[in-house]
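The chain contents come next:
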Amino acid sequence: MATPDGTAASATVKAANEAARAALPFDDTQDFEDARRGFIGRLDPCVVRAADGRVVWDNESYRAFLQGEAPATVNPSLWRQSQLNTIDGLFEVVPGIYQVRGLDLSNISFIEGQTGVIVIDPLISSETAAAALALYREHRGDRPVVAVVYTHTHVDHFGGVKGVTSQEDVDAGRCAVIAPDGFMEHAIAENVYAGTAMTRRAAYMFGAALPRGPEGHVGAGLAQTNSTGTVSVIAPTDLITATGETRTVDGVVMEFQLTPGTEAPAEMNLLLPGFDALCMAENATHTLHNILTLRGAVVRDPRIWARYITEAIGLFGDRMDVVFASHHWPTWGRERAIRFLSEQRDLYAYLHDQTLRMLNQGLTGSEIAEAITMPPALEAAWHARGYYGSVSHNTKAIYQRYMGWYDGNPAHLWEHTPEERAKRYVAAMGGPGAVLRLGREAIDTGDFRWAAEVLSHLVFAEPDRPDAKALLADALEQLGFGAENGTWRSAYLAGAHELRHGSFGTPVSVSPDMMRALSPEQIFDAIAIRVNGPRGWGEHLSIGIDLTDAGEAYRLELRNGVLVHWAAPADGADVILRMPGAALVGLLAGQMDGVSVEGDPTVLGRLMTVLDAPDPDFAIVTP
Ligand SMILES: [Zn+2]
């Protein structure tokens, strides 16, 4: 039974968590050995603050309670993964290669050259990256950073770059920045179009507002959580455009394998032949990763992902004795490393092929998610379990990749909206009192999935009922307590939290570096997706943009509620804005610094009146 204040695990969840404890190989403690191997020193306490004193990273808040056996409110498999993820410090991978782990969502790796050091993946925030570099230097000497490698386009792999080098050092040629082809376009694009909605949903997925503890946030599975410092970016100076390309920096040879379309649209693995070490970026980690992350994204391709891991084994398998990545701990020994890579590959290939097999037998996404069974050897391999991705949501994602949102059943082709369906369902079930009874019965029998469904209908039909919200929160909370997946747990508990306490809001932090990196087309797109269509129906206006320093010019035209843009001379538009390229991004915030205006200045005001602001706090568990 859920207690009214909702902090106890129900008998059903307790039993399920105990069954997981009995079924999984907890006596296999190799991961703990590997996560501690090569320990050199740690930041004590493992807390990082911004210049203004604000805490941007606090691993002690997790270490304080992630001790001993899992409590009834946490799935023991997730508890174990979180214990592993809280092991922080500077570690030797092999002599000359070091990693700081547990200082952000990702790992930062240091490769020592003749005089300097190469950084692979400088974390999310400048503050945590600087703290990691300081920890490294404390133990390994004051080596200059001679190169930074971004393995891929996700912010946890580049955002802290200004904590380890500077734009000046890069411009002066003292530090190279090496990245896969297409890096800047993809790194920035993901934040332009659906950025606000992804950020709001990421707050659910990472449980950012949840208290940390056995009844709250215990970890994201991929690592503990995101740091919240200053996100920076420095554009690459050297792009890797083909597999097999090599670079030698400060005596360190790096051999690259491009893996576009795997975990990120632009990503690459690299072999360090001088160290017999292979860096797998985020393509092989100690979790089943996401084919489609819960925050929302374009669906990834598990077929290509598996193929690139096969290629990596073929290219590098006989030239490496350790494999490490930008999340989790390394795997030592060629045989173990190849088994790890092979199992990771089999995982994505199996999910892909089995989903397609069943899809071609007529099963839909949610049916495949229930029907699929994983091979026993992968079930028993800790690194293949679903702490970040899950078998359930990944199979639905693969269905979505091939078939889209429609399951083919015309009864589902034109359903009512959630609110309209909710009103009808509540009436059909006999009214609010009957739905509450159904919900309570479902909770009492441990069918929390059904409880969540019927009670969510009631909340959407009658959002002001505290009893409905409280009961739905209880059901979601039990689902969270039972979840092996860190992001599922956070999503369930975040939903329960908002039902009980109201919206926790989603802090929107805009990185000036990321804004400056927007291309003119991305800026115009960002404006266009804010046009309120109906408000703009009656407007017809044109704007010429002349980027005086770049020698580029664009035409924007608003008509039929659509703002389109194309490269064209600015002359002839209703209004012409002449400015240096750097001033363009200011237009997003309505700033006109450095902009000269010719023609009809009222045009800009007319455009502004049809623009909507995105809502960073939109409702999720309520209508
Ligand atoms: Zn990452």
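In the block above lies the structure referred to throughout.
The structure contained in this document is the topic of the report that follows. From a predicted model like this one, the values you see are computed outputs, not experimental measurements. (Residues numbered from 1 in each chain as written. Predicted model: local features only at pLDDT ≥ 70, side-chain atom pairs only at ≥ 80, totals over all residues. Heavy atoms only, no water.)

A look at the overall build of the protein
- Secondary structure assignment for the protein yields 22 helices and 21 strands.
- A compact globule built from 623 residues would reach a C-alpha radius of gyration of about 25 Å, and the protein, at 26 Å, matches this within 12%.
- Principal-axis analysis of the C-alpha atoms gives the protein an extent of 70 × 65 × 50 Å.
- Residues counted as buried form 55% of the 623 residues belonging to the protein. (Helix = DSSP H or I, 4+ residues; strand = E, 2+ residues; numbered from the N terminus. Rg over C-alpha atoms; globule rule 2.2 N^0.38 Å. Buried < 20%, exposed > 50% of the residue type's maximum accessible area, 1.4 Å probe, protein only.)

Description of the coordination of the zinc ion
- Binding of the zinc ion to the protein goes through Asp156 (OD), His157 (NE2), Glu282 (OE) and His327 (NE2), at separations of 2.0 to 2.1 Å.
- Its 4 donor atoms give the zinc ion angles of 84 to 175° at the centre, a pattern that matches the irregular case.
- Read from N- to C-terminus, the donor residues coordinating the zinc ion fall into the pattern D-H-x124-E-x44-H. Taken together, the residues span a long stretch of sequence, with aspartate 156 in the loop between strand S8 (145-149) and helix H6 (167-171) and histidine 327 in the loop between strand S15 (322-324) and strand S16 (331-332) at a distance of 171 residues. (Donors = N, O, S within 2.8 Å, 3.2 Å for Na, K, Ca; no water. Tetrahedral: all angles 85-135°; square planar, octahedral: opposite > 155°, others 65-115°.)

Some words on the pattern of salt bridges
- Applying the stated rule across the entire model yields 35 salt bridges.
- Note that arginine 63 is salt-bridged to glutamate 60, the shortest N-O span being 3.1 Å. Of this pair, arginine 63 and glutamate 60 both sit in helix H3 (residues 60-63), separated by 3 residues, roughly a single helical turn.
- Exposure remark for arginine 63: the relative accessible area of 29% places this residue in the partly exposed category.
- The closest approach of N and O atoms between arginine 421 and glutamate 415, which form a salt bridge, is 3.6 Å.
- In this structure arginine 421 comes out as partly exposed when scored by relative accessible area, which is 29%.
- Take glutamate 415: its relative accessible area is 39%, and that puts it in the partly exposed class. (Salt bridge = Lys/Arg side-chain N within 4 Å of Asp/Glu carboxyl O.)

Section: the sheet that holds S15
- If you trace the 6 strands from one edge of the open sheet to the other, you get S11-S12-S13-S14-S15-S16, paired in mixed fashion. With one partner strand each, in any of the chains shown, strand S11 (246-249) and S16 form the two edges of the open sheet.
- Pairing of S11 with strand S12 (residues 252-258), which is carried by 4 bridges, proceeds in the antiparallel orientation. The partner of threonine 246 across the bridge, within S12, is glutamate 255.
- Here helix H9 (residues 302-316) sits on the sheet and contacts S12, strand S13 (268-272) and strand S14 (277-279); the angle it forms with S12, its principal contact strand, is near 145°. (Pairing = 2+ DSSP bridges. Contact = heavy atoms within 4.5 Å. Axes fitted to C-alpha atoms, helices over the stretch in contact; angles between N-to-C directions.)

What about the packing of helix H14 (residues 418-428) against helix H16 (residues 448-461)?
- In the contact formed by H14 and H16, the axes pass within 8 Å of each other and the chain directions differ by 110°. Relative to H16, the element H14 lies roughly perpendicular. Residue-level inspection shows Pro418, Glu419, Ala422, Lys423, Tyr425 and Val426 of H14 in contact with H16, the latter providing His457, Leu458, Phe460 and Ala461.
- Classifying every residue of the contact of H14 with H16 by side-chain character gives 7 nonpolar, 1 polar and 2 charged. (Parallel < 35°, antiparallel > 145°, perpendicular 65-115°, else oblique. Nonpolar A, V, L, I, M, F, W, Y, C, P; charged D, E, K, R; others polar.)

Observations regarding a nonpolar patch on the surface
- Together, Trp405, Leu413 and Trp414 make up a nonpolar patch on the protein surface, roughly 510 Å² of accessible area in all.
- Along the chain, leucine 413 turns up in the loop between helix H13 (391-403) and H14. (Patch = residues over 30% accessible without salt bridge, like charges linked within 9 Å, V, L, I, M, F, W, Y side chains within 5 Å. Areas by Shrake-Rupley, 256 points an atom, 1.4 Å probe, with all protein chains shown as cover.)

Here's the deal with the state of the cysteines
- Throughout the structure, instances matching the rule amount to 0 disulfides.
- Cysteine 175 takes part in no disulfide bond, and the closest cysteine sulfur, belonging to cysteine 279, lies 17 Å away.
- Using a relative accessible area of 2% as the deciding quantity, one classes cysteine 175 as buried. (Disulfide = S-S within 2.5 Å.)

Things to note about helix H17 (residues 466-482)
- If you check H17, its first and last C-alpha atoms are 25 Å apart, about what 17 residues at 1.5 Å a residue would give, namely 24 Å.
- With 12 of 17 residues buried, H17 is to be regarded as a mostly interior element.
- The set of residues buried in H17 consists of Ala468, Leu471, Leu472, Ala473, Asp474, Ala475, Leu476, Glu477, Gln478, Leu479, Gly480 and Phe481.
- In this structure, the buried side of H17 is in contact with helix H1 (11-23), helix H15 (432-444), H16 and helix H18 (486-501). (Expected span 1.5 Å × (residues − 1).)

So, the sheet that holds strand S17 (residues 541-547)
- In spatial order, the strands read S19-S18-S17-S20-S21; together these 5 strands make up an open sheet with mixed pairing. Edge positions in the open sheet fall to strand S19 (562-567) and strand S21 (596-599), since each of these has one partner strand only. Adjacent strand axes in the sheet meet at a mean angle of 20° when their direction is disregarded.
- Note that strand S20 (residues 575-579) and S21 share 4 bridges and pair antiparallel. Paired with valine 575 across the bridge in S21 is glycine 599.
- Helix H22 (residues 602-609) rests against S17, strand S18 (552-559), S19 and S20 of the sheet, and its axis sits at about 110° to S17.

Digging into the side chain of aspartate 34
- By the element assignment, aspartate 34 lies in helix H2 (residues 30-36).
- Apart from residues lying up to four places away in sequence, aspartate 34 is in contact with Arg101, Trp329, Pro330, Trp332 and Arg336.

Looking at H13
- Taking 1.5 Å as the rise per residue, H13 with 13 residues should run 18 Å; its terminal C-alpha atoms sit 18 Å apart, in good agreement.
- Restricting attention to buried positions, one finds in H13 the residues Ser392, His393, Asn394, Thr395, Ala397, Ile398 and Tyr399.
- Each element contacted by the buried residues of H13 is listed here: H9, helix H10 (334-359), helix H11 (365-371) and H18.
- At the exit of H13 stands glycine 404, carrying a positive phi of roughly 85°.

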